[in-house]
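Coordinate analysis (summary)
Now for the letters of each chain:
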Amino acid sequence: MLTIQFIRDSKETILEGLKIKNFKQPELIDQLISKDNERRSLQVKTNELQAEMNRLSKEIGVLFKSGEAEKANKVKEQTTAIKKEVESLEKAFQDSSVDLNNLLVQIPNVPHPSVPPGNTEADNKLIREGGAMPELDENALPHWELGTKYRLIDFELGVKITGAGFPVFRGDGARLQRALISWFLEENTAAGYEEILPPLMVNEDSGFGTGQLPDKEGQMYHVTEDNLYLIPTAEVPVTNIYRDVILDAEELPIKNTAYTPCFRREAGSHGKDVRGLNRVHQFDKVEIVQIQHPSNSYAALDEMVKHVEKLIISLGLPYRIVQLCGGDLSFTSALTYDFEVYSAAQKRWLEVSSVSNFEAYQANRLKLRFREAGEKRPILAHTLNGSSLALPRIMAAVLENNQTPDGIKLPEVLHKYMGKGKEIIR
RNA sequence: GGAGAGAUGCCGGAGUGGUCGAACGGGGCGGUCUCGAAAACCGUUGUGCCCGCAAGGGCACCGGGGGUUCGAAUCCCUUUCUCUCCGCCA
């Protein structure tokens, strides 16, 4: 969430930005500010009375100690009325703070000035594209048929064991998954990211820290017995490593990468968009996360984009990078680039990575701060993350785009992970 | 799952009703000494919010929530988590 200080200082900028994001309730900003004024004046009054109470209590203590019980009891009488007043003021102050917080969590992040206006993905801005479109045979197969043909993916089996959206990978399919994961992790660590293998379930505090809770509760699987949530992305456990942490400026930037399965309920999804691996409830993803100095976060964002781009180029997939327009931007993001690869057999673009700068928005929820050398006050860090990369759609595109009458010719970078004789899946 | 112990500042650890935001030790930072370092010595060292141009001041926080009391780290209730032993187990 945004800090109340930032909202007070930069009201106009924020309103301007929220317009780009198609925020429907700009009036909340004024409500916030007047609620904050209310809270402040309540705090002044409450604190004054509390100070008075503290003073009297101390006096009573001293009087009792020196044996002047009578005097002490007299002062005690005074406290009764003040105590009542303090209690009701405290209550009012707390209510006011809760209200303020409830308003605050409804305000999305403010988009970066470069974010184009617009409502849907049609308004996203093409940044660049690359890679050659494959020329496929008339009767090229979509990946779900290739998965069956080469015995790589078994969707029916997943339905039997668990349900729709839980594919079973087997044989070379399972191996290809593992190859991709290994290769991604290797590339990420080579780029300076520390590898993390985090828990796959998180508690409520973590869900709140990265913004999944309270709003997007329905998107996560919830283990009610223990009140834990299955992670929808490694971003959640990895970013929460730094919850309630004050770093030294020299520790920045922090760069982490993690492979995890991701679990998403995707309630309401249906139709051809969710066919095969296009949208599933459990999938594998390698994530990159950075904790950055605010002055460097956009340079870091560019660096992350270049890094992800390099991976996709190495896989030989036709791709494009788009900058999300205001309406398509997530609640917490200030700037997001989406990576899409072209799936030749489905004849459509598939989103395979989303790289975002959250600026201080997540950090404020997480209480993730750092201290500049010599400075007393800690300040909020910037957080960024991106997929590097999400497996299912990469797998779909790799299978579809590389199909030949002789089998599926895998990208060279994966050969060493697939093992000898597995350069082509037959 | 059963039994017990515990949760205090950057870390260790004291504190069982008043002057305790918290002894003491370690660490960090600044200084003295030194060519420099070590040692020793001196000083300093939590977070948030509020008032204030500032200097400065106030309030809250000793796992979370609630209660008793003029006054709670300390007493009571509740909750979460951690550790030890037993059981189970990859």
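Counting of residues starts from 1 at the beginning of each chain's written sequence and follows it residue by residue. Think of it this way: whatever chain is written first is A, whatever ligand is written first is 1, and the rest follow in order. Under the rules for a predicted model, residues below a pLDDT of 70 receive no local features and side-chain atom pairs below 80 are neither given nor counted, while totals for whole chains, interfaces and linings still include all residues. Processing note: side-chain calculations cover all non-hydrogen atoms of the structure and skip hydrogens and water entirely.

1. Topic: the overall build of chain A
Regarding its fold elements, chain A presents 13 helices and 19 strands. With respect to the three principal axes, the spread of C-alpha positions in chain A is 100 × 45 × 45 Å. Relative accessibility thresholds used throughout: buried, under 20% of the residue-type maximum; exposed, over 50%; partly exposed, between the two (1.4 Å probe, protein chains only). Out of the 426 residues in chain A, the part that is buried amounts to 48%. Contacts in chain A between residues at least 24 apart in sequence constitute 74% of all its contacts with a sequence separation of at least 6. Areas reported here follow the Shrake-Rupley algorithm with a probe of radius 1.4 Å; residue values treat only the protein chains shown as occluding. Here chain A displays about 21100 Å² of accessible surface, and carbon together with sulfur accounts for 50% of that area. Neither His nor the chain ends is counted toward charge; the positive residues are Lys and Arg and the negative residues Asp and Glu. Here the site of a charge means NZ on Lys, CZ on Arg, CG on Asp, or CD on Glu. Here chain A contributes 52 positively and 61 negatively charged side chains, and the mean placements of these two sets differ by 2 Å. Secondary structure follows DSSP: runs of H or I at least 4 residues long count as helices, runs of E at least 2 residues long count as strands, and numbering of each begins at the N terminus. Every residue pair with non-hydrogen atoms within 4.5 Å of one another is taken to be in contact.

2. Thoughts on the sheet that holds strand β15 (residues 379-380)
With mixed pairing, the 3 strands of this open sheet are ordered in space as β8-β14-β15. Strand pairing shows two members of the sheet lacking a second neighbour, β8 (245-248) and β15, which therefore form its edges. The rule for pairing is simple: two strands pair if DSSP sees at least two bridges between them. Of the pairings in the sheet, the one linking β8 to strand β14 (residues 368-371) comprises 4 bridges and is parallel in character. Directly across from Asp248, in β14, lies its bridge partner Arg371.

3. A closer look at the domain arrangement of chain A
Where each domain begins and ends is defined by an automated method or by a domain database. Segmentation of chain A into domains returns domain 1 (4-104) and domain 2 (121-425). The C-alpha centroid of domain 2 is placed 44 Å from the C-alpha centroid of domain 1.

4. Considerations on the nonpolar core
Residues belong to one nonpolar core when they are buried, are Ala, Val, Leu, Ile, Met, Phe, Trp, Tyr or Cys, and are joined through side-chain atoms within 4.5 Å. Counting 52 residues, the largest nonpolar core has Leu176, Leu180, Phe184, Ile312 and Ile394 as its most contacted members. Aside from chain neighbours lying at most four places away, what touches Leu180 is Leu315, Leu391, Ile394, Met395 and Leu414.

5. Some details on the protein's contact with RNA strand B
Nearness is defined per residue: one heavy atom within 4 Å of the molecule or strand is enough. Around RNA strand B, 22 residues are found, and the nearest of them are Gln43, Gln50, Ser57, Arg369 and Arg371. Within 4 Å of the protein, atoms of RNA strand B come from sugar and phosphate in 73% of cases. Here a polar contact is taken to be a pair of N or O atoms separated by no more than 3.5 Å, where protein atoms must pair a possible hydrogen donor with a possible acceptor and residues adjacent in sequence count only if both atoms sit in side chains. Arg40 places a polar side-chain atom, nitrogen or oxygen, 3.2 Å from a phosphate oxygen of RNA strand B. One nitrogen or oxygen atom from the side chain of Asn47 is found 3.0 Å from a sugar or linking oxygen belonging to RNA strand B. Elements that contribute at least two residues to the surface near RNA strand B include exactly α3 (27-65), α4 (69-104) and β14. The element best represented in the surface near RNA strand B is α3, accounting for 14 residues. Side-chain classes follow a simple rule in which Ala, Val, Leu, Ile, Met, Phe, Trp, Tyr, Cys and Pro form the nonpolar group, Asp, Glu, Lys and Arg form the charged group, and the remainder, Gly included, forms the polar group. Here the residues of the surface near RNA strand B are counted per class, giving 7 nonpolar, 7 polar and 8 charged.

6. Details of the side chain of Lys21
One can find Lys21 in the loop between α2 (11-20) and α3. An unpaired buried charge is present at Lys21: no salt bridge exists, and Glu359, the closest side chain of opposite charge, is 9.8 Å distant. A polar contact of 2.9 Å, which involves the side chain of Lys21, links it to the backbone oxygen of Ser330. If sequence neighbours within four positions are ignored, Lys21 has contacts with Pro108, Asn109, Pro111, Gly326, Gly327, Leu329, Ser330, Phe331 and Ser333. Criterion for a salt bridge: a side-chain nitrogen of Lys or Arg within 4 Å of a carboxyl oxygen of Asp or Glu.

7. Regarding the sheet that holds strand β1 (residues 125-130)
Here 8 strands make up an open sheet; going across it, the order is β1-β11-β12-β13-β16-β10-β9-β4 and the pairing mixed. Edge positions in the sheet fall to β1 and β4 (194-196), since each of these pairs with one other strand and no more. Across the sheet, the axes of successive neighbouring strands diverge by a mean angle of 25 degrees, strand direction being ignored. Summarising the sheet, strand β10 (residues 282-292) and strand β16 (residues 382-390) pair through 7 bridges and their orientation is antiparallel. Paired with Gln290 across the bridge in β16 is Leu384. Axis definition: a line fit to C-alpha positions, over the contact stretch in the case of helices; interaxial angles, taken between N-to-C directions, run 0 to 180 degrees. Along the sheet face, helix α7 (residues 172-190) touches β4, β9 (254-263), β10 and β16 and points at about 5 degrees away from the line of β10.

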